[in-house]
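# A closer look at the structure
One letter stands for each residue in the lines below.
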Amino acid sequence: MKNSELKENLRWDGAGFPKRLERAKAGLSTNAFALKCGISESVFRKYLAGSSVPGADKLVDIARVAEVSLLWLATGEGHADDQRAGAKTSTPLDTTLLETIIESVETGLKEIQGELTPAKKAKLIAVIYGLYQSGDTARKAPVLELVKLAM
């Protein structure tokens, strides 16, 4: 599947998320992994049970701590270890894309009358930037969906 096709089909996979989350914690106790992610054990258990989903900022924290691909964790697309392979390569910052994403996030926040802390906003922008880094145009609908998840 081409990158452009993959991005058009990206969807949150709530049904498969608990299994990927269990795999991501890689044998650590629920409490130990939750603490590493800065999440309470009770909230993390809700994620594992599928009765709650993390916001974008917590999703990023989980992927970072587990050293798994954010795309894989959220959607099941790609491979869990794509982040590890990609971490060794660095691409220059596309300021035009970054500007477009920042504008889209700001517009989305205005539409839903939402507000994010600078830290959450930065994490959200980084996630979206990573999704659109291959040169595809950032589209409003998926960005707005991610903004809503971050709230």
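Just above sits the structure.
Residues numbered from 1 in each chain as written. Predicted model: local features only at pLDDT ≥ 70, side-chain atom pairs only at ≥ 80, totals over all residues. Heavy atoms only, no water.

### Some thoughts on the overall build of the protein
Within the protein one finds 10 helices and 0 strands. Its helices and strands in sequence order give the protein the pattern α-α-α-α-α-α-α-α-α-α, from N to C terminus. Considering the protein as a whole, with its 151 residues, one finds that 36% of them fall into the buried category. If you take every contact in the protein between residues at least 6 apart in sequence, the share linking residues at least 24 apart comes to 58%. Accessible area of the protein: about 8800 Å², with a carbon and sulfur share of 52%. (Helix = DSSP H or I, 4+ residues; strand = E, 2+ residues; numbered from the N terminus. Buried < 20%, exposed > 50% of the residue type's maximum accessible area, 1.4 Å probe, protein only. Contact = heavy atoms within 4.5 Å. Areas by Shrake-Rupley, 256 points an atom, 1.4 Å probe, with all protein chains shown as cover.)

### Let's talk about the side chain of Thr 30
Here Thr 30 lies in helix H3 (residues 30-37). With near-sequence residues (within four places) excluded, Thr 30 lies in contact with Lys 25, Glu 41, Phe 44, Arg 45 and Leu 48.

### Section: helix H8 (residues 95-111)
Over its 17 residues, H8 extends 24 Å from the first C-alpha to the last, a length consistent with the 24 Å expected when each residue adds 1.5 Å. Immediately beyond the C-terminal end of H8, within one or two residues, lies Gln 113, with a positive phi of roughly 55°. (Expected span 1.5 Å × (residues − 1).)

### Details of the pattern of salt bridges
All chains considered together, the criterion is met by 7 salt bridges. Arg 20 is the salt-bridge partner of Asp 13, the closest N and O atoms lying 2.8 Å from each other. Residue classification places Arg 20 among the buried residues on the basis of a relative accessible area of 8%. Via salt bridges that share partners, Asp 61, Arg 64 and Lys 123 belong to a single interconnected network. (Salt bridge = Lys/Arg side-chain N within 4 Å of Asp/Glu carboxyl O.)

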